[in-house]
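Chain by chain, the residues:
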Amino acid sequence: MAHRDANIIEELERLRSLTSSDFIALAPLHDKAERIRWRYASGSRNERYQQMVIKSGQGLAGSVLRLGRWVKLDDSHPDSDQVRRSCPVLLAEQLQTAAVFPILTDSDNLLIKGLLFIGKRTQPRYTEAELLVVQEGLPTLAWYLKENTGEIAK
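Residues numbered from 1 in each chain as written. Predicted model: local features only at pLDDT ≥ 70, side-chain atom pairs only at ≥ 80, totals over all residues. Heavy atoms only, no water.

You'll find the protein entered in an unreviewed UniProt entry as GAF domain-containing protein, with Paenibacillus alginolyticus given as the organism.

Listed below in structure tokens is the structure:
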């Protein structure tokens with residue numbers, strides 16, 4: 001495992017612990033990649049997440065790609081059951097509550113360079129403090145991802 005990969009896993013485990021998440025995953029986005037997949041994870045019950053392809057507009061991660069901002073799913077969402085059934089990661093990991101965040105580069109047009117997925121297998125919602133912890137950790141993950149592209153990450 002490369003040093004950068006170990007740092008990413010360590011940061012994911014730190015964020016998973018600080019947010020009381022059961023599962024956390026990171027999908028780097030590469031300019032030349034045709035398929036976006038979850039590459040790093042902590043707390044997974046199986047390896048199925050590695051085979052899942054993220055498509056713009058589909059599932060929580062696809063919504064982040066389409067909207068360019070973070071999204072969450074919990075019992076306050078009016079169509080939470082339908083969204084859970086249509087999101088492969090939620091099904092495979094048996095997650096009830098989740099949030100997905102874009103990892104942005106610090107360039108003129110703020111390109112998304114990665115996606116961070118957090119989830120809980122129990123119903124409790126993420127608190128504002130937990131979501132803030134994740135948002136504060138995004139620059140660290142962006143720093144590790146920048147080595148893939150050579151860009152300065154935000």
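Read on, since the account is not over.
Participant: Lay out the overall build of the protein in plain terms, naming residues and giving numbers.
Facilitator: A tally of helices and strands in the protein yields 5 helices and 7 strands. Expressed as a percentage of its 154 residues, the buried residues of the protein come to 47%. A sequence separation of at least 24 residues applies to 59% of the contacts in the protein between residues at least 6 apart. Working note: accessible area of the protein is about 8200 Å², and carbon and sulfur atoms make up 47% of it. (Helix = DSSP H or I, 4+ residues; strand = E, 2+ residues; numbered from the N terminus. Buried < 20%, exposed > 50% of the residue type's maximum accessible area, 1.4 Å probe, protein only. Contact = heavy atoms within 4.5 Å. Areas by Shrake-Rupley, 256 points an atom, 1.4 Å probe, with all protein chains shown as cover.)

Participant: Tell me what's going on with helix α1 (residues 3–18), and back it up with residues and numbers.
Facilitator: Taking 1.5 Å as the rise per residue, α1 with 16 residues should run 22 Å; its terminal C-alpha atoms sit 23 Å apart, in good agreement. Listing the buried residues of α1 in full gives Arg-4, Asp-5, Asn-7, Ile-8, Ile-9, Glu-11, Leu-12 and Leu-15. (Expected span 1.5 Å × (residues − 1).)

Participant: Can you lay out the pattern of salt bridges for me, pointing to particular residues and giving the numbers?
Facilitator: Summed over all chains, the structure comprises 7 salt bridges. Across the pair Asp-75 and Arg-125 runs a salt bridge, and its minimum N-O distance is 2.6 Å. Remark: Arg-125 occurs in the loop between β7 (112–120) and α5 (128–149) and Asp-75 occurs in the loop between β5 (71–73) and α3 (80–86); sequence separation between them is 50 residues. The shortest N-O distance in the salt bridge between Glu-93 and Arg-121 comes to 2.7 Å. Here the residue Glu-93 occupies a position in helix α4 (residues 88–93), and Arg-121 occupies one in the loop between β7 and α5, the gap between them amounting to 28 residues. The class of Glu-93 is buried, set by a relative accessible area of 0%. (Salt bridge = Lys/Arg side-chain N within 4 Å of Asp/Glu carboxyl O.)

Participant: Break down the side chain of Lys-120 for me, citing the residues and quoting the values.
Facilitator: Its location among the elements puts Lys-120 in strand β7. You can call Lys-120 buried: its relative accessible area is 6%. At a separation of 3.3 Å, a polar atom in the side chain of Lys-120 contacts the side chain of Glu-130. For Lys-120, the contacting residues outside a window of four places in its chain are Thr-19, Ser-20, Ser-21, Asp-22, Leu-95, Gln-96, Thr-97, Arg-125, Tyr-126 and Glu-130. (Polar contact = N/O pair within 3.5 Å; in protein donor to acceptor, adjacent residues only side chain to side chain.)

Participant: Kindly report on unusual backbone geometry, identifying the contributing residues and their values.
Facilitator: Phi is positive for Ser-20, which is not a glycine, with a value near 55 degrees. You can see Ser-20 is positioned in the loop between α1 and β1 (23–28). When its relative accessible area of 48% is taken as the criterion, Ser-20 is described as partly exposed. For Gln-94, which is not glycine, the phi torsion reads 55 degrees and is therefore positive. Assignment of secondary structure puts Gln-94 in the loop between α4 and β6 (97–104). According to the relative accessible area criterion, Gln-94 is partly exposed, its value standing at 47%.

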